[in-house]
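Listed here are the chains, written in short residue letters.
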Amino acid sequence: AWGVPPGEEPAANDSLATTIQFRMPQGERVRRRFALQEPVAHLFGHVAQLLQLEGHGGRLDDLVAPPARSLKGGDLGLTIEQAGLKNASLLVKLA
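The text that follows walks through the structure, step by step, so that each part is easy to find. Since this is a predicted model, take the numbers as computed values, not measurements.

Calculation notes
- Residues numbered from 1 in each chain as written.
- Predicted model: local features only at pLDDT ≥ 70, side-chain atom pairs only at ≥ 80, totals over all residues.
- Heavy atoms only, no water.
- Salt bridge = Lys/Arg side-chain N within 4 Å of Asp/Glu carboxyl O.
- Helix = DSSP H or I, 4+ residues; strand = E, 2+ residues; numbered from the N terminus.
- Buried < 20%, exposed > 50% of the residue type's maximum accessible area, 1.4 Å probe, protein only.
- Pairing = 2+ DSSP bridges.
- Expected span 1.5 Å × (residues − 1).
- Contact = heavy atoms within 4.5 Å.

**Let's talk about the pattern of salt bridges**
Part 1 of the argument: Counted under the stated rule, the structure contains two salt bridges.
Part 2 of the argument: Lysine 72 is the salt-bridge partner of aspartate 61, the closest N and O atoms lying 3.1 Å from each other. Remark: lysine 72 occurs in the loop between β4 (69-70) and β5 (89-94) and aspartate 61 occurs in strand β3 (residues 60-65); sequence separation between them is 11 residues.
Part 3 of the argument: Aspartate 75 is paired through a salt bridge with arginine 69; the nearest N and O atoms lie 3.4 Å apart.
Part 4 of the argument: With a relative accessible area of 14%, aspartate 75 lands in the buried category.

**Some points on the pairing of β3**
The two faces of a sheet get side chains in turn, since along a regular strand they alternate between them.
Part 1 of the argument: With five of its six residues buried, β3 lies for the most part within the structure.
Part 2 of the argument: Strand direction decides the pairing type here: β3 and β4, joined by two bridges, are antiparallel. Across the sheet, alanine 65 pairs through a bridge with arginine 69, a residue of β4.
Part 3 of the argument: Connecting the antiparallel pair β3 and β4 is a turn made up of three residues, with alanine 68 showing a positive phi of about 55 degrees.

**Brief notes about helix α1 (residues 40-53)**
Part 1 of the argument: Given a rise of 1.5 Å per residue, 14 residues ought to cover 20 Å, and the 21 Å separating the end C-alpha atoms of α1 matches this to within 8%.
Part 2 of the argument: Buried residues dominate α1, accounting for 10 of its 14 residues.
Part 3 of the argument: Lining the buried residues of α1 we find β1 (17-23), β2 (29-35), β3 and β5.

**Section: the pairing of β2**
Part 1 of the argument: Relative to β2, β1 is paired through seven bridges, and the arrangement is antiparallel. Paired with threonine 18 across the strands is phenylalanine 34, a residue of β2.
Part 2 of the argument: Where β1 folds back onto β2 in an antiparallel hairpin, the turn is made up of five residues, including glycine 27, whose phi is positive at roughly 100 degrees.

Geometric values such as these leave the question of function open.
Structure below.
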């Protein structure tokens, strides 16, 4: 299983948070707010939870930030801010 599930979603007016958009495998877009200091691993944990809730048969392999930048390598330990993912749109890749 990838990542650690995130904690409570920050409020919409929290200036130390950002909205991340995930493009899911079926094409739908899911948005969620995260604290800028949360680790990138929380993004993986959130998507893994979504896939499980949807009963999706695929297994999360990677999150990809434009332009084609894989996040499953060295970025997992970085914060969202350090990884440059403020207001990012990420593509969910299944194995």
